[in-house]
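# Structural features, examined
The lines below spell out each chain.
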Amino acid sequence: MQIAKVIGTVVGNQKEPSLRGSKFLLVRFVDENGEDISNGYEVAIDAVGAGVSEWVLVSRGSAARQIEGNEKRPSDAAIVAIIDTISVENRLIYSKRDHY
Amino acid sequence: MQIAKVIGTVVGNQKEPSLRGSKFLLVRFVDENGEDISNGYEVAIDAVGAGVSEWVLVSRGSAARQIEGNEKRPSDAAIVAIIDTISVENRLIYSKRDHY
Amino acid sequence: MQIAKVIGTVVGNQKEPSLRGSKFLLVRFVDENGEDISNGYEVAIDAVGAGVSEWVLVSRGSAARQIEGNEKRPSDAAIVAIIDTISVENRLIYSKRDHY
Amino acid sequence: MQIAKVIGTVVGNQKEPSLRGSKFLLVRFVDENGEDISNGYEVAIDAVGAGVSEWVLVSRGSAARQIEGNEKRPSDAAIVAIIDTISVENRLIYSKRDHY
Amino acid sequence: MQIAKVIGTVVGNQKEPSLRGSKFLLVRFVDENGEDISNGYEVAIDAVGAGVSEWVLVSRGSAARQIEGNEKRPSDAAIVAIIDTISVENRLIYSKRDHY
């Protein structure tokens with residue numbers, strides 16, 4: 001999975017029928033230090049109720065369909081967790097609590 | 001999914017039999033600000049009736065076969081939605097209405 | 001799918017048994033303007049009788065196995081169509097007829 | 001598979017239900033000489049009891065679900081082995097013993 | 001598939017149980033002219049008895065499991081052929097015979 005920040009939303013009413021009811025979130029990938037990766041973004045289906053500015057884990061590829069209700073959807077990216085903390089070599093590089 | 005602009009068409013009459021009847025659209029990927037990504041393009045099967053100059057969502061990999069009629073086609077990219085709006089941090093970076 | 005030019009062949013007699021009888025073509029990827037992409041190549045199984053110098057569409061990943069006879073082959077790339085024309089914004093950037 | 005160093009952990013309590021009980025490790029990819037690859041990281045599910053600072057093999061894509069208990073989890077990366085030695089052209093470029 | 005040179009081996013005794021008995025080879029990818037691609041390597045399971053210094057074809061993704069005995073292994077890369085010759089536009093850019 002990749003670490004990403006939810007930065008926005010994408011709306012499209014004319015879509016593949018199985019995608020009706022899906023919420024498309026725009027996420028920007030960050031590196032293992034929390035810095036933005038240029039051109040690194042994805043439009044992902046939200047599986048956990050994530051909101052703008054939250055840090056999340058994104059699964060891509062066929063993994064995005066291993067979610068109840070998404071098994072037959074033509075989606076290649078899904079938000080599968082909201083991140084609470086990221087620790088690198090005993091250093092806390094992100095804590096959700098500090099952001100709210 | 002990635003955000004892309006439909007920029008053209010690809011025609012090939014000699015193709016894998018299961019691809020007969022498929023429409024191949026040429027799409028150019030854009031980043032989360034709507035700027036072109038160099039070398040970022042795909043030839044995708046259209047699942048939603050998209051036209052040249054429209055902004056769309058493209059799914060790649062096995063997701064491209066999760067569309068009625070495409071289950072057994074050797075395609076690795078599909079247009080799964082026509083985008084109406086893209087919002088980043090409460091800023092509208094794209095609105096289909098403004099383009100027509 | 002990506003656009004590619006067939007530029008050569010790869011021969012290997014010692015191979016995974018299910019690949020016997022497969023023809024491996026070397027293809028170089030081009031961008032949406034027909035220019036070579038550096039380091040962009042693939043060794044693909046030919047599903048349509050393509051020849052050197054022809055422009056083709058290449059599917060990668062599990063899509064490469066959605067071809068009769070290839071379902072169980074350990075191949076991650078296949079040529080699925082020979083391109084006749086590529087049009088970008090009403091400009092013909094490639095026509096097979098002009099190349100022969 | 002790619003070679004990676006375990007550098008940290010990611011914790012998220014609000015996640016896709018099937019991921020409950022999974023341990024997310026942050027791994028940084030290294031090249032074939034053991035040097036860090038910039039921006040090359042993954043959050044992977046641990047299948048072998050790896051710890052911080054160990055060198056491991058990471059499988060990505062659908063391979064990450066070929067592990068007992070992970071078959072239905074929306075994960076696209078897994079640690080599948082702890083590396084003891086890496087030898088390149090008869091030169092030992094990594095030995096776990098030398099690190100402990 | 002990608003063209004690669006076998007350059008070494010990776011050994012790991014603590015691994016996902018289904019990987020027991022697998023041989024992990026370190027391969028470096030080369031471009032279509034036989035030149036090294038920087039950072040382009042993979043640790044692949046050997047399906048054809050390849051040895052160090054041989055040139056091989058590597059399949060990645062789910063294709064790596066389309067090999068007898070590997071169907072359930074969490075591997076995302078496999079050596080599927082040993083290359084005898086590579087020809088580009090009637091020029092022989094590699095011949096195994098010339099290397100031995």
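Read on for an overview of the structure. Since we're looking at a predicted model, the values are computed, not measured.

## Concerning the relation of the copies chain B and chain A
With an RMSD of 0.0 Å, the fit of chain B onto chain A corresponds to turning through 72° and sliding 0.0 Å along the axis. The transformation just described matches what one would write down for a five-fold rotation axis. With a heterologous cut-off of 20% or less, the 3% of interface residues of chain B that recur at the interface of chain A puts this contact in the heterologous class.

## Description of the relation of the copies chain D and chain A
With an axial shift of 0.0 Å and an RMSD of 0.0 Å, the rotation relating chain D to chain A amounts to 72°. When the interface residues of chain D are mapped onto chain A, a mere 4% of them again fall at the interface, so the copies present different faces.

## Considering the pattern of salt bridges
Taken as a whole and assessed by the stated rule, the structure comprises 25 salt bridges over all chains. Measuring nitrogen to oxygen at the nearest pair gives 2.9 Å for the salt bridge that ties K96 of chain C to E54 of chain C. Remark: E54 of chain C occurs in the loop between β4 (36-46) and β5 (55-60) and K96 of chain C occurs in the segment after β8 (91-95); sequence separation between them is 42 residues. Relative accessible area serves as the criterion here: at 11%, E54 of chain C is assigned to the buried category. E42 of chain D is the partner of R60 of chain D in a salt bridge, and the nearest nitrogen-oxygen pair spans 3.6 Å. In this pair, R60 of chain D sits in strand β5 (residues 55-60) while E42 of chain D sits in strand β4 (residues 36-46), placing the two residues 18 residues apart along the sequence.

## What to know about the packing of aromatic side chains
Aromatic rings in a pair are described by how distant their centres are and how their planes are angled relative to each other. Residues and elements named next belong to chain B. Inspection of the entire model under this criterion finds 5 aromatic pairs over all chains. Between W55 and Y94 the ring centres are 4.1 Å apart and the planes differ by 10°, which places this aromatic pair in the stacked class. Of this pair, W55 sits in strand β5 (residues 55-60) while Y94 sits in strand β8 (residues 91-95), and the two are 39 residues apart along the sequence.

Thresholds applied
- Residues numbered from 1 in each chain as written.
- Chains lettered and ligands numbered in written order.
- Predicted model: local features only at pLDDT ≥ 70, side-chain atom pairs only at ≥ 80, totals over all residues.
- Heavy atoms only, no water.
- Least-squares fit on C-alpha atoms with pLDDT ≥ 70 in both.
- Contact = heavy atoms within 4.5 Å.
- Salt bridge = Lys/Arg side-chain N within 4 Å of Asp/Glu carboxyl O.
- Helix = DSSP H or I, 4+ residues; strand = E, 2+ residues; numbered from the N terminus.
- Buried < 20%, exposed > 50% of the residue type's maximum accessible area, 1.4 Å probe, protein only.
- Phe/Tyr/Trp six-rings, centres within 6.5 Å; stacked < 30°, edge-to-face > 60°.

As far as function goes, none of this settles anything; it's purely spatial.
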